[in-house]
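Structural features, examined
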Amino acid sequence: MAEAIRARAGLEDVVATASAICYLDGERGVLAYYGYDIHDLARESTFEETCYLLWHGRLPSRAELGDLQSQLAASRQLPEPIIRQMRSLPPTNGMDALRTLTSALGHYDADAVDDSRQANSRKAVRLAGQTASLVATYGRMSAGGGPIQPDPALGHAANFLYMLTGNRPGALAARAFDVALILHADHELNASTFAARVAAATLSDMHSAIVAAIGTLKGPLHGGANADVMRLLRDIGADASRERVDAVVRGKLARKEKIPGFGHRVYRTEDPRAAHLRRLSRELGERAGDTRWFEMSLQIESIVKTEKKLNPNVDFYSASTYHALGIPVELFTPIFAVSRISGWTAHVLEQYANNRLIRPRTEYVGPACPQIYEPLDRR
Ligand SMILES: CC(C)(COP(=O)(O)OP(=O)(O)OC[C@H]1O[C@@H](n2cnc3c(N)ncnc32)[C@H](O)[C@@H]1OP(=O)(O)O)[C@@H](O)C(=O)NCCC(=O)NCCS
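Computed from a predicted model, the values in this text were never measured in an experiment.

1. Overview of helix α8 (residues 156–165)
Residues spaced three or four apart along an α-helix point in a common direction, a consequence of the helix completing one turn every 3.6 residues. Burial analysis of α8 places nine of its 10 residues in the buried class, the great majority of the element. By the burial criterion, the buried members of α8 are His156, Ala157, Ala158, Asn159, Phe160, Leu161, Tyr162, Met163 and Leu164. The elements touched by buried residues of α8 are α3 (47–56), α4 (62–74), α7 (117–142), α9 (171–184) and α17 (332–353). Following α8 by one or two positions, glycine 166 adopts a phi angle in the positive range, close to 85°.

Here's what the structure looks like:
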């Protein structure tokens, strides 16, 4: 039975829907949003412009971009009951807090009872602004600080770092985080996006679909991997010798343990996002005068490539990049959501626009049917 289940499990290479949002070629390592190559977006675009692209299917004019920036800035203020609820949560992890508070945000949304296309588009913008504020404020309060008011003069990435740390970031840090947000914004029918689309396809509301996505992103086989990468680097130790790095990684592989941040269901070549994050990890490390995590990551990459022929995915160099930005490891996966909220909402809007209930089948591998029903007193 286990074999039959394994053969079907994972929906590998199954095309479950049609979508115009994300082009992904795992053989050639190509990723594009509405046809725009991720390398061009990472070099030239901003997260706000990428959001517009994902929500509207085209790049904005200057005026349209300005409007979106204003709408995002206006939605960064969290309702007071949400801050109170955040304070009242027992010690928890960031993804659990994000899941609970995103659900709560649905009650306070200005369009809570309106499921029209226009209202859902407004919810997408609000959720993008609010998710960043939720994660930054949660991070701040977990570290014992008080919430910081958003600064409408700052871009999305810079404002997030400001609300998290209380300091307005320099140009390099703000741009590095902006690029990380662009790179994580969408990725075709990954597990959390699929979860969001399944929920949306029942014609449930936008917030419910996003809560399903957040719960799915949390898992270590999906978004949770970036935090696991940092935990691995820390377990090895910043000052570890090359021999120790080698011994730890080879030991794990010998025990058939997975190395977080490697492998991918779709890419057979390097994840195109990894190259940008590798560069950011190096640049930020050099700026901080500490390239130890970057150097260790390079060494791990070389071992895993040689031993397992596996390439780093988006999560591997995200870890040392976020660490160099001063972001605590507990926020790494919530930060994935700060970006992916754009892709999730775009997919939910696309699902609503042409909806049909998603309801696949299983291959039955249980006991022969029918079984004879023995009444309880004869069993
Ligand atoms: C991403 C991932 C879930 C894809 O899974 P998948 O397509 O179901 O592939 P499998 O887990 O079946 O792996 C196939 C083989 O490669 C190995 N493998 C895959 N990822 C590995 C990793 N990170 N480290 C070591 N070995 C790995 C598996 O052990 C398996 O080997 P086997 O055939 O000898 O049993 C998987 O590569 C993984 O768990 N990576 C680590 C977590 C991670 O980084 N997730 C973020 C993804 S963006």
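2. Examining the sheet that holds strand β3 (residues 36–37)
Reading across from one edge, β1-β2-β3 is the order of the three strands in this open sheet, with antiparallel pairing throughout. Each having just a single partner strand, β1 (22–25) and β3 make up the two edges of the open sheet. One ladder, built from two bridges, connects strand β2 (residues 30–33) with β3; its direction is antiparallel. Bridging across to β3, tyrosine 33 finds its partner in tyrosine 36.

3. Comments concerning the site of the ligand
Taken together, 16 residues are adjacent to the ligand, and Ala225, Lys258, Phe262, Gly263 and Arg265 come closest. Grouping the constituent residues of the shell around the ligand by class yields seven nonpolar, five polar and four charged.

4. Overview of the domain arrangement of the protein
The domain boundaries assigned to the protein delineate domain 1 (20–221 + 332–353) and domain 2 (225–324). Put simply, the middle of domain 1 and the middle of domain 2, counted by C-alpha atoms, are 26 Å apart. Facing the 21 residues of domain 1 at the interface are 24 residues of domain 2. Secondary structure elements with two or more residues in the side of domain 1 that touches domain 2: β2, α2 (38–44), α9 and α17. The element that contributes the greatest number of residues to the side of domain 1 that touches domain 2 is α9, accounting for six residues. Grouping the constituent residues of the side of domain 1 that touches domain 2 by class yields 14 nonpolar, five polar and two charged.

Parameters at a glance
Residues numbered from 1 in each chain as written. Predicted model: local features only at pLDDT ≥ 70, side-chain atom pairs only at ≥ 80, totals over all residues. Buried ≥ 20, exposed ≤ 12 C-beta atoms within 10 Å, placed from the backbone. Helix = DSSP H or I, 4+ residues; strand = E, 2+ residues; numbered from the N terminus. Contact = placed C-beta atoms within 7 Å. Pairing = 2+ DSSP bridges. Near = placed C-beta within 6 Å. Nonpolar A, V, L, I, M, F, W, Y, C, P; charged D, E, K, R; others polar. Domains from an automatic or database assignment.

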